[in-house]
2 protein chains.
Amino acid sequence: MEHPIPPHTVSLPPQRRPSIANPPTPLGLQGTHNRTYQRPNHLQIGNRWREIQGANDWEGLLDPLDECLRTELIRYGMFAQAAYDAFDFDMWSQYCGSCRYSKENLFKEVDLHHTGYTVTMYIYATADVEVPYLLKRSEREDAWSSKSNWIGYVAVCTDEGEIKRLGRRDIMIAWRGSVTGLEWAANLEFQLTPCGLTDESKLGLSTHIKVEAGFLSLYTSAKEDSRFNKVSAQSYLVKEIKDLVEKYKDQDELSITVCGHSLGSALATLSAYDLAESDLNQTEVGGKMVSIPITVFSFAGPRVGNSAFKERLEAVGVKVLRVVNTHDRVPRVPGLSAFEGWLWTYSHVGVELEINDEDSQHLDQDKASIANHHNFEVYLHLIDGYGRWDVKPPSRDPLLVNKGTGFLKEDKYVPEAWFQPKHKGLVYSVRENRYYQPDRAIEDIPVPPKPETVAAAKAFTKSLTLKKSLEREREKEKGSQPPSAEAAPLENLVHRINAF
Amino acid sequence: MEHPIPPHTVSLPPQRRPSIANPPTPLGLQGTHNRTYQRPNHLQIGNRWREIQGANDWEGLLDPLDECLRTELIRYGMFAQAAYDAFDFDMWSQYCGSCRYSKENLFKEVDLHHTGYTVTMYIYATADVEVPYLLKRSEREDAWSSKSNWIGYVAVCTDEGEIKRLGRRDIMIAWRGSVTGLEWAANLEFQLTPCGLTDESKLGLSTHIKVEAGFLSLYTSAKEDSRFNKVSAQSYLVKEIKDLVEKYKDQDELSITVCGHSLGSALATLSAYDLAESDLNQTEVGGKMVSIPITVFSFAGPRVGNSAFKERLEAVGVKVLRVVNTHDRVPRVPGLSAFEGWLWTYSHVGVELEINDEDSQHLDQDKASIANHHNFEVYLHLIDGYGRWDVKPPSRDPLLVNKGTGFLKEDKYVPEAWFQPKHKGLVYSVRENRYYQPDRAIEDIPVPPKPETVAAAKAFTKSLTLKKSLEREREKEKGSQPPSAEAAPLENLVHRINAF
């Protein structure tokens, strides 16, 4: 500077509230003072994409964790995390159980606008009476919906640069986990039920493929008298994926990636299975049949189905990478299921990537708890390069661990559970001299699907069922095959328990 | 409108976040939907002001509660409440224990800019080691102060219209209560100690006037090695009051009003006593000695001193109106004090106005708790016309009850404990891709008093002591008087307990 201003005559900035442009105060995070964090989209995935998506079952990529896979796990994790962050779980809000933003505004509000993806659809779910605790309901009489919850969204990569970087156009499905704590994992009367998504007769099996009843209910339930679930989450999804594949199949190579944390991980696994089983990833491009790879990035997921489900999932080619924190209990449930006097066992699917929160120097193990071990931000923190791979520059601030926990060491000076709206959404009006709960911006009020969309989804789901029936008829004419050699030993896992 | 726009073609407002101008959503408060609340400064106090300030000990004003007195209690209550609302109690903040705003910004930020008062000084307090739980301390190494807390402020009415409405120019002192819960009331080793604010020899008493040691410590402690308490809260205050009286005594009639809740009420009583005892309300106007009335509006206050203190407080003319919620325990402590083998009794001072939270139809007695009975907003809600006087239009929204409690009935649809900053003060920087704790605006960073101010306060406090000493000498020359007839029976309240 030519004429340095003596410190005491520096004029004050015109605005009085602190601005983002001011130098941030260090939060006491060793080694991260004033650090600007990289976005998880700085590495070239390019022609490695099939490998990163699990074409070789992540062989050789997990230990040590491949740098590209790491940033991809973070990137998909952020899509799944957004479904938590944008969820309205305030029971006094008129819109409790919905997304706080329209699909057009979502990525802007949760700071994912840089991802190059565009949200194409919101998925709503309802559930049978048996699993009410999986849904959040508004206490207000003027509630937007008493039957449905926003449960996830579909997005597609629309940015040409990002398509080039990723090596393909990615269709992404993110499922929201439960926000009611971990009661669902403790309370769920885990019960294997015929999954019904597969025509097992063509495989020569009778009712061998079973999945957890609560997850299936959430995925497949519809209520004709509801506004948002005249069709099920399943129908929402399959129709949208079919349309997106139709739209883009001739333009680019495609991939389908499904992600979720906790309950969302179960829905991710189930829906990925359903998409593959319904052949929605089989399409014709330039006269050739092409199979679009389907990948599940599962974080802290419980088991979903029995061994037959696992076998079939592998048979239809779905690749699942399950990230599991050593001390997290949720991936250990359900173990056994008793139903009609039979005891069934659940099986994990896919490939496991183990992380351990004891490895991170930023976490205070004295504050470890069931909830902290399971927390999604803790998972992302560990994947991000803290803990086992504490060498690379991270893309996430350790401060994020405390969004909903108090797991950080106290020398980090980060408040506990700091992710909270001002005054729980109440706003003060000077003119009226009172606080009030403002109406949502018109564009953010949830809008039920149009009748024609509902009709199209219904018709398409029906056609899928019809197709499966026709196949079944055709198989029958050929004469049924015996159970496959791989499936037979599964029978041994089902034991009759006399005590029941 | 000449050309009404059909509802479906109404263009959206340009901004997408809800604006204050939008019609507020009703919160389910029966009878208060869309109500605009009156400010508590709409009634003419005019020439009734001496009566309202307690000149006749509020005779005939309390049952039913006089309408002017009611709005005045609310008005002063809001000044005292502001000391809570603006207090930084985040232990991870660099400025924990200070006011979040400068004295110039305070009333703007807590929406008291309409009061016609101007804040003239902030009071800081420190305390002996015995009462550390009365202060909040930052956990950070770069803390603004490890020894001092912002404990209150002095304001003066500067608006001509308001001076006319009130009938005089009011000097107001607001003391902050404790934000560390009610532990202080439970843990304080209540101990009567000679108050030392009075030259008792001129009264012929020896050490009869005693007050609670913790309150006195907070009021009178100074630490030469601190930045903000080279002088005590007492010295801050007396100098400021002297200056304000000097400045305004020839312009208007004056009043001094001291208010506070809980611990703040104790400080209000103690400081009002000190001001009167030091003759700071005795001044010469146009050759005539004038006594400026001193009034304490005390909310949920504990007992402060022994009977001698009470008698002396009345003798020096301080008027105290104590508002007490029936089930609040704090006004019932301390009762007895054991010290050096003696048992001392505490006495309440002034006139009591009893309120009862069982009277309000808005409160859910199933959620009653020690903290809820004591909560300041519950007090203001009851004074405001709910409960016993549930007839007049209120000036406060019942929703405010839930600022820090969950005491409202559930049919009110108001979140519990909703008064909270967004993300506990963390702010997101898009550019840096991280959250950070922003620096305070320069003007809101606490500034210690200038050396000349400290010197002046010290000199003035010394002169007051000197004055008392001189008076003592003079009294001694006259020959000491025997204890007054009123004070003598107090001796009977002090019992020697052999068991100690």
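Basis of the calculations
- Residues numbered from 1 in each chain as written.
- Chains lettered and ligands numbered in written order.
- Predicted model: local features only at pLDDT ≥ 70, side-chain atom pairs only at ≥ 80, totals over all residues.
- Heavy atoms only, no water.
- Phe/Tyr/Trp six-rings, centres within 6.5 Å; stacked < 30°, edge-to-face > 60°.
- Helix = DSSP H or I, 4+ residues; strand = E, 2+ residues; numbered from the N terminus.
- Buried < 20%, exposed > 50% of the residue type's maximum accessible area, 1.4 Å probe, protein only.
- Pairing = 2+ DSSP bridges.
- Axes fitted to C-alpha atoms, helices over the stretch in contact; angles between N-to-C directions.
- Contact = heavy atoms within 4.5 Å.
- Polar contact = N/O pair within 3.5 Å; in protein donor to acceptor, adjacent residues only side chain to side chain.
- Expected span 1.5 Å × (residues − 1).
- Right-handed = clockwise from strand over helix to strand, strands pointing away.
- Parallel < 35°, antiparallel > 145°, perpendicular 65-115°, else oblique.
- Nonpolar A, V, L, I, M, F, W, Y, C, P; charged D, E, K, R; others polar.
- Core = buried A, V, L, I, M, F, W, Y, C linked by side-chain atoms within 4.5 Å.
- Left-handed = near helix turned anticlockwise from the far one by under 90°.

A.B. asks: What's the story with the packing of aromatic side chains in this structure? I'm lost.
C.D. replies: Centre-to-centre distance and the angle between the planes together describe a pair of aromatic rings. All names here are of chain B. Tallying each qualifying case throughout the model produces 38 aromatic pairs over all chains. Judged by centre distance (4.8 Å) and plane angle (50°), the rings of F79 and Y117 are tilted. Taken together, the residues F79 in helix α2 (residues 67-85) and Y117 in strand β1 (residues 117-125) connect sequence positions 38 residues apart. Assessed through its relative accessible area of 0%, F79 is described here as buried.

A.B. asks: What am I meant to see in the sheet that holds strand β10 (residues 319-325) of chain B here?
C.D. replies: Two strands in a sheet stick together by hydrogen bonds in their backbones, pointing the same way (parallel) or opposite ways (antiparallel). All names here are of chain B. Spatially, the seven strands line up as an open sheet ordered β1-β2-β3-β6-β9-β10-β13, and their pairing is mixed. Of all the strands in the sheet, just β1 and β13 (351-355) have a single pairing partner and so form its edges. Averaged over all neighbouring strand pairs, the angle between strand axes comes to 15°, with direction disregarded. Contacting β1, β2 (149-157), β3 (169-175), β6 (254-261), β9 (294-299), β10 and β13, α2 runs over the sheet at an angle of about 60° to β6. Against the sheet, helix α7 (residues 233-248) makes contact with β1, β2, β3 and β6, and its axis sits at roughly 155° relative to β1, the strand it touches most.

A.B. asks: For this particular structure, what's the right way to read unusual backbone geometry?
C.D. replies: A negative phi holds for most residues other than glycine; trans holds for most peptide bonds. Each neighbour pair has its own omega, and for V333 of chain A with P334 of chain A the value is -20°, a cis peptide bond. Looking at where P334 of chain A falls in the secondary structure, it is placed in the loop between β10 (319-325) and β11 (336-339). For A300 of chain B, which is not glycine, the phi dihedral falls at a positive 55°. Residue position: A300 of chain B is located in the loop between β9 and α9 (307-315). At A417 of chain B, a position not held by glycine, the phi torsion is positive, near 45°. For A417 of chain B, the location among the structural elements is in the loop between α11 (376-383) and β14 (427-429).

A.B. asks: I'm lost on the side chain of H381 of chain A in this one. Help?
C.D. replies: Residues and elements named next belong to chain A. Take H381: it is sitting in helix α11 (residues 376-383). The exposure class of H381 is buried, given its relative accessible area of 3%. A polar side-chain atom of H381 sits 2.8 Å from a polar atom in the side chain of S360. Apart from the residues within four sequence positions on either side, H381 is in contact with S360, H362, L363, Y386, P398 and V401.

A.B. asks: Can you walk me through helix α2 (residues 67-85) of chain A in this structure?
C.D. replies: Structurally, the α-helix is built with 3.6 residues per turn, so residues lying three or four positions apart point the same way. With 19 residues, α2 of chain A ought to run about 27 Å at 1.5 Å a step, and its terminal C-alpha atoms sit 26 Å apart, in line with that. With respect to burial, α2 of chain A is a largely interior element, 18 of its 19 residues being buried.

A.B. asks: Looking at this model, I keep getting lost on the sheet that holds strand β6 (residues 254-261) of chain A. Mind explaining?
C.D. replies: All names here are of chain A. What the seven strands build is an open sheet, ordered β1-β2-β3-β6-β9-β10-β13; its pairing is mixed. Both edges of this open sheet fall to β1 (117-125) and β13 (351-355), since each of them pairs with a single strand only. Averaged over all neighbouring strand pairs, the angle between strand axes comes to 15°, with direction disregarded. As judged from the five bridges shared by strand β2 (residues 149-157) and strand β3 (residues 169-175), these two strands associate in the antiparallel manner.

A.B. asks: Looking at this model, I keep getting lost on the pairing of strand β9 (residues 294-299) of chain A. Mind explaining?
C.D. replies: Residue and element names in this part refer to chain A. Most of β9 sits inside the fold, with six of its six residues counted as buried. Residues of β9 alternate between two faces, with I294, V296 and S298 on one and T295, F297 and F299 on the opposite face, all of them buried. Sheet topology note: the β9/β10 ladder contains five bridges and is parallel. Bridge assignment links V296 to a residue of β10, and that residue is V320. Between the parallel pair β9 and β10, the chain is carried across by helix α9 (residues 307-315), and the sense of this crossover is right-handed.

A.B. asks: Just checking my understanding: could you explain the packing of helix α6 (residues 213-220) of chain A against helix α7 (residues 233-248) of chain A for this structure?
C.D. replies: Helix packing for two helices is described by the angle between their axes and how far apart those axes are. Residue and element names in this part refer to chain A. For the pair α6 and α7, the least separation of the axes is 5 Å and the interaxial angle reads 60°. In terms of orientation, α6 and α7 fall into the oblique class. Packed against α6, whose contacting residues are L218, Y219 and T220, the element α7 presents A233, Q234 and L237 at the interface. Taken together, the residues of the contact of α6 with α7 sort by class into four nonpolar, two polar and no charged.

A.B. asks: Could you clarify how one ought to interpret the environment of H327 of chain B in this entry?
C.D. replies: All names here are of chain B. Topologically, H327 is positioned in the loop between β10 and β11 (336-339). Linking H327 and S369, residues 42 residues apart in sequence, is a C-alpha distance of 9.2 Å. Setting aside its immediate chain neighbours within four residues, H327 contacts R332, N356, D357, E358 and H373. For H327, the side chain forms a polar contact with the side chain of E358, separated by 2.8 Å.

A.B. asks: Just to check I follow, could you spell out the nonpolar core for this structure?
C.D. replies: When a protein is soluble and globular, its nonpolar side chains tend to lie buried together. Residue and element names in this part refer to chain A. Of all hydrophobic cores here, the largest spans 129 residues; its most connected members are L106, Y153 and W175. Ranked by the residues each element gives to this core, the list is headed by α2, at eleven residues. When near neighbours in sequence (up to four residues on either side) are disregarded, L106 contacts A86, C99, Y101, V119, Y122, W150 and Y153.

A.B. asks: Looking at this model, I keep getting lost on the packing of α2 of chain B against α11 of chain B. Mind explaining?
C.D. replies: Residue and element names in this part refer to chain B. Taken N-terminus to C-terminus, the directions of α2 and α11 make an angle of 165°; their axes are 10 Å apart at the nearest point. Relative to α11, the element α2 lies roughly antiparallel. Here α2 and α11 pass one another in a crossing that is left-handed. Contact residues: R70, L73, I74, G77, A80, Q81 and Y84 in α2; F376, E377, L380 and I383 in α11. Of the residues belonging to the contact of α2 with α11, the class tally is seven nonpolar, two polar and two charged.

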